[in-house]
Amino acid sequence: QVQLVESGGGLVQSGGSLRLSCAASGRISGMGWFRQVPGKDRVFVAAISSSGLLKNYASSVKGRFTISRDNAKNTMYLQMNSLKPEDTAVYYCAAGSVSATMKDYDYWGQGTQVTVSS
């Protein structure tokens, strides 16, 4: 059983930046980030392959967010720049795929809140 722990969420003004981290309890393959606002479905944000060479982004964040990973630390990151109020959500880390589909992932973190004020 792999455990995932997110950190780095918080409150930031529009146009600001945050970096999220996801620490895994062991070595895993593909990883991804999803986000969810109350009353709506969880949606894909970005994913990265085990090597870090393959990256996939939702169109809404492409050019503003950068996904990366440090396999020596079993940690994945999401650098979020030029944040907008519509980026406000709970961000979840997931492991086991590079897909944009939730059901393809085996493990999930508990989520970290990101709030962007206007």
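Whatever comes next refers back to the structure up there.
What you are looking at is a predicted structure, and each value in this text was computed from that prediction instead of being measured.

### Quick notes on the pairing of strand E8 (residues 75–80)
Counting buried residues along E8, five of its six residues qualify, which places the element largely inside the surrounding structure. Taken together, the six bridges between strand E3 (residues 18–24) and E8 define a ladder with antiparallel strand orientation. Its bridge partner lying in E8, Arg19 is registered against Gln79. Strand direction decides the pairing type here: strand E7 (residues 65–70) and E8, joined by six bridges, are antiparallel. Bridging from a neighbouring strand, Arg69 pairs with Met76 of E8. The hairpin turn running from E7 into E8, its antiparallel successor, is four residues long, and Asn74 in that turn takes a positive phi close to 50 degrees.

### Some words on the state of the cysteines
Per the counting criterion, the structure on display carries one disulfide. Paired through a disulfide, Cys22 and Cys93 show a sulfur-sulfur distance of 1.8 Å. Across the S-S bond of Cys22 and Cys93 the torsion is about -60 degrees, and the bridge reads as left-handed. Within this pair, whereas Cys22 is found in strand E3, its partner Cys93 is found in strand E9 (residues 89–95), the two being separated by 71 residues in sequence.

### Remarks on the sheet that holds strand E1 (residues 4–7)
With antiparallel pairing, the four strands of this open sheet are ordered in space as E1-E3-E8-E7. What marks the edges here is a single partner per strand, and that holds for E1 and E7. Adjacent strand axes in the sheet meet at a mean angle of 15 degrees when their direction is disregarded.

### A word on the pattern of salt bridges
Following the criterion strictly, the structure yields three salt bridges and no others. For Asp87, the salt bridge is made with Arg64, and the minimal N-O distance between the two is 2.7 Å. Remark: Arg64 occurs in the loop between strand E6 (55–57) and E7 and Asp87 occurs in the loop between E8 and E9; sequence separation between them is 23 residues. Under the relative-accessibility criterion, Arg64 is labelled buried at 11%. One salt bridge in this structure joins Asp104 and Lys103, with 3.5 Å as the shortest N-O distance. Accessibility expressed as a relative area gives 70% for Lys103, which makes it exposed. In this structure, a network of salt bridges that share partners links the residues Arg35, Arg64 and Asp87.

So, how was this worked out
Residues numbered from 1 in each chain as written. Predicted model: local features only at pLDDT ≥ 70, side-chain atom pairs only at ≥ 80, totals over all residues. Heavy atoms only, no water. Buried < 20%, exposed > 50% of the residue type's maximum accessible area, 1.4 Å probe, protein only. Helix = DSSP H or I, 4+ residues; strand = E, 2+ residues; numbered from the N terminus. Pairing = 2+ DSSP bridges. Disulfide = S-S within 2.5 Å. Axes fitted to C-alpha atoms, helices over the stretch in contact; angles between N-to-C directions. Salt bridge = Lys/Arg side-chain N within 4 Å of Asp/Glu carboxyl O.

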